[in-house]
Amino acid sequence: MSSKIRIPLAFIDPVIGDLGAPPESLKFIENEKSTLINALRSSFPDVEFVSYDIRDPVDVQAFLNAEGNAVGYIVVTLNSLMGFIDPIVRSGKPVIIIAEAYAGAGEYMLGISKALSEGYPVIGISTRDLASQAVITSVRYLVALARLRMSKVLFVVSPSLKSHLYWQFGPNTDMYSVFRLIQSITGVTPIIMDANEFRARFFDKVSDEEADEWASKWVKYAEAVYDDSMDEIRNSAKLYIAMRNAVKELGVNAVAVDCIVLYNTGLLRAWPCLGYMQLWYDGIIPICEADPYATVPILIAKYLFNRNGFVVNVGVDEERGEFIYHHCYAPTNPHGGDKPEVPYIITKAHLGTKHASVHVRLPTNEPVTIVGFNPEERLLTIHVSKSVSNEYSPQACATKLIGSGNASNVVRNWKWRGGWHRVVIYGDFRKELEEFARLLGLRVLHEDL
């Protein structure tokens, strides 16, 4: 589903400088290079790291010419002061700078401060230990960015919406051009299929026997079943198998079904909620309501933190200082493991008018980061709350995670162009998302601060 990631490393390592001179400087440089490369290959065995020595201006240009198609660059400063960081930063590519704390610090401090003041997509770390966890984390940003740029997402939508998404008509230009805008910012490639084609190629080919098998499994392993329609659960199983087969055949990383529109218009009479819960165990990323904005934070959560993020509507109780994060599905393994962490209930929702929903009793007493993406304003919105409880009630969506935090600030800072949806990620990832946003050229708004 994805080709091997290739990331270039530019070692700024002149043999004479603040570090010292040969032969000792050469020994030191080779030792530090080996330390870092071995640590990276151990931490990222599926990534190809290609190293270059930058020792004079000709080397800088040769590096940029050779690696012009790279997703970004890792620059490692081992000696100072030559100013070789500047032309690499000015390539405009995302750059991770790793500096050896002694001789590499001068090149790093002068280079990164200038780059940040001029708005370039750069982050960095200076350390005595080039194999430290902080170094590995900084490189993980670039690996995640590469995975994001290589991602393909299948959007299953109505025939009319597919037409509008392909052709940028005048009315509602934001909606019709959003896929191209997101692709230009993140590199994520949308694969748009209308529901009639999806039904004919995948959904209608699923046998009743295969669907019954999955429906029976879901019922068996549910903590409870409060839905009186096995036909709806069986249709959800059929849709799950169809989504899984489509992802495999088309070679995409994620699938997004415009469920409400397709179900209510009769184009696809099956809800994806149970199937979305299952897809995580197949290594497939699901996205509710074919929401292209939510697609980006969900992919980032998986590639950067190995967390299974999920779409929610955000309800607020300002009197209690609480959020009600609700939707009709959530992963049973939100921390990203390969086994279920929490139980689920198959239930009706929206006052009994929607079938085959999932109430997941999500983990509590830990921080959650809530992320929105607003591509028109190149903005990532973030707030952090503490998961305190789950509510089961008939109104609205089935899964309701209660978060405690500064609800009033979030209401007043809400950016309407990002929509109502947000993505829940288990853990407090403010700092990491800020740094990753910088590599994407995005601004960050902390809604709760």
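Predicted model, so just to flag it, every value in this text is computed and none were measured. (Residues numbered from 1 in each chain as written. Predicted model: local features only at pLDDT ≥ 70, side-chain atom pairs only at ≥ 80, totals over all residues. Heavy atoms only, no water.)

1. Focus: the domain arrangement of the chain
Next, step 1: Parsing the chain into structural domains produces domain 1 (5-149) and domain 2 (151-446).
Next, step 2: Of note, the centres of domain 1 and domain 2, computed from C-alpha atoms alone, are 37 Å apart.
Next, step 3: With 15 residues of domain 1 in contact, the opposing surface of domain 2 contributes 15 residues.
Next, step 4: Together, Tyr 141, Leu 148 and Arg 149 form the three largest contributors to the area buried by domain 1 at its contact with domain 2, with a combined 49%.
Next, step 5: Our count for the domain 1 to domain 2 interface comes out at zero salt bridges.
Next, step 6: Our count for the contact surface shared by domain 1 and domain 2 stands at six residue pairs in polar contact (both at pLDDT 80 or more).
Next, step 7: Looking at the side of domain 1 that touches domain 2, the elements that each hand over two or more residues are strand S4 (95-100), strand S5 (122-127) and helix H5 (133-149). (Domains from an automatic or database assignment. Contact = heavy atoms within 4.5 Å. Buried area = accessible area lost by both parts, 1.4 Å probe. Salt bridge = Lys/Arg side-chain N within 4 Å of Asp/Glu carboxyl O. Polar contact = N/O pair within 3.5 Å; in protein donor to acceptor, adjacent residues only side chain to side chain. Helix = DSSP H or I, 4+ residues; strand = E, 2+ residues; numbered from the N terminus.)

2. Focus: the packing of aromatic side chains
Next, step 1: If you walk through the whole model with that rule in mind, you get 14 aromatic pairs.
Next, step 2: With a centroid separation of 6.2 Å and 45° between ring planes, the pair formed by Trp 214 and Trp 218 is classed as tilted. Taken together, the residues Trp 214 and Trp 218, both in helix H9 (residues 208-221) and four residues apart, mark about one turn of the helix. Of the two residues, Trp 214 and Trp 218, both sit in the buried class.
Next, step 3: Ring plane angle 15° and centroid distance 3.8 Å describe the contact between Phe 305 and Phe 429, whose orientation is recorded as stacked. Pair noted here: Phe 305 is in helix H13 (residues 292-305) and Phe 429 is in the loop between strand S18 (421-426) and helix H15 (430-440), with a separation of 124 residues, a long-range link. (Phe/Tyr/Trp six-rings, centres within 6.5 Å; stacked < 30°, edge-to-face > 60°. Buried < 20%, exposed > 50% of the residue type's maximum accessible area, 1.4 Å probe, protein only.)

3. Let's talk about the sheet that holds strand S13 (residues 344-349)
Next, step 1: Taken in spatial order, the three strands make up an open sheet running S8-S13-S14, and their pairing is mixed. Both edges of this open sheet fall to strand S8 (224-226) and strand S14 (354-360), since each of them pairs with a single strand only. Each strand of the sheet is rotated relative to its neighbour by a mean of 20°, with strand direction disregarded.
Next, step 2: Those strands touched by H9 are S8 and S13, and its axis lies near 105° from that of S13.
Next, step 3: The strands touched by helix H10 (residues 230-250) within the sheet are S8, S13 and S14, with S14 carrying the most contacts at an inclination of about 70°. (Pairing = 2+ DSSP bridges. Axes fitted to C-alpha atoms, helices over the stretch in contact; angles between N-to-C directions.)

4. Let's talk about the sheet that holds strand S1 (residues 5-12)
Next, step 1: Reading across from one edge, S2-S1-S3-S4-S5 is the order of the five strands in this open sheet, with parallel pairing throughout. If you trace the sheet from one side to the other, it starts and ends with strand S2 (47-54) and S5, each paired once. In this sheet, adjacent strand axes meet at a mean angle of 20° when their direction is disregarded.
Next, step 2: Examined bridge by bridge, S1 and S2 share eight bridges and lie parallel to one another. Across the sheet, residue Ile 7 finds its bridge partner in S2, namely Phe 49.
Next, step 3: Across the sheet, helix H2 (residues 57-66) touches S1, S2 and strand S3 (73-77), and the angle it forms with S2 is around 155°.
Next, step 4: Docked against the sheet, H15 engages S4 and S5, running at close to 130° with respect to S5.

5. Some details on the pairing of strand S16 (residues 379-390)
Next, step 1: Pairing of strand S15 (residues 366-374) with S16, which is carried by nine bridges, proceeds in the antiparallel orientation. Bridge pairing in S16 links Val 371 to Ile 382.
Next, step 2: Once S15 ends, the chain turns through four residues before running back antiparallel as S16, passing Arg 378 with a positive phi of about 45°.
Next, step 3: Bridge count between S16 and strand S19 (residues 443-446): four bridges; the pairing is parallel. From the neighbouring strand, Leu 379 faces S19, where its bridge partner is Arg 443.
Next, step 4: Here S16 pairs with strand S17 (residues 399-404) via four bridges, running antiparallel. Note on S17: the bridge partner recorded for Ser 387 is Gly 403.

6. Topic: the pattern of salt bridges
Next, step 1: Using the criterion set out here, one finds 21 salt bridges in the structure.
Next, step 2: In this structure, Lys 33 engages Glu 30 in a salt bridge whose closest nitrogen and oxygen atoms are separated by 3.6 Å. Separated by three residues within a single helix, Lys 33 and Glu 30 lie in helix H1 (residues 24-43), roughly one turn from each other.
Next, step 3: Put simply, Arg 430 and Asp 448 hold a salt bridge, and the shortest N to O gap is 2.5 Å. With Arg 430 in helix H15 and Asp 448 in the segment after S19, the pair connects residues that are 18 residues apart, well separated along the chain.
Next, step 4: Asp 448 gets classed as buried once you look at its relative accessible area, which sits at 7%.
Next, step 5: Because the salt bridges share partners, they merge into one network encompassing Asp 13, Glu 30, Lys 33, Asp 53 and Arg 55.

7. Quick notes on helix H4 (residues 105-117)
Next, step 1: Its 13 residues give H4 an end-to-end C-alpha distance of 18 Å, which sits within 8% of 18 Å, the value for a rise of 1.5 Å per residue.
Next, step 2: Residues Ala 105, Glu 107, Tyr 108, Gly 111, Ile 112 and Ala 115 constitute the buried set of H4. One face of H4 carries all of its buried residues, which in axial projection span an arc of 145°. Facing away from the buried side of H4 by more than 90 degrees, the exposed set consists of Met 109, Leu 110 and Ser 117.
Next, step 3: Residues of H4 that are buried in the fold lie against S1, S3, helix H3 (85-89), S4 and S5.
Next, step 4: Of the residues flanking the end of H4, it is Gly 119, one or two places downstream, whose phi is positive at about 85°. (Expected span 1.5 Å × (residues − 1). Arc of directions from axis to C-beta.)

8. Overview of the packing of H5 against H13
Next, step 1: Interhelical geometry of H5 versus H13 gives an angle of 135° and a closest axis separation of 9 Å. The angle between the axes of H5 and H13 places the two elements in the oblique class. The crossing of H5 and H13 is right-handed. Contacts between H5 and H13 involve Arg 140, Tyr 141, Ala 144, Arg 147 and Leu 148 from the former and Leu 299, Ile 300, Tyr 303 and Leu 304 from the latter.
Next, step 2: In terms of residue class, the contact of H5 with H13 is made up of seven nonpolar, no polar and two charged. (Parallel < 35°, antiparallel > 145°, perpendicular 65-115°, else oblique. Left-handed = near helix turned anticlockwise from the far one by under 90°. Nonpolar A, V, L, I, M, F, W, Y, C, P; charged D, E, K, R; others polar.)

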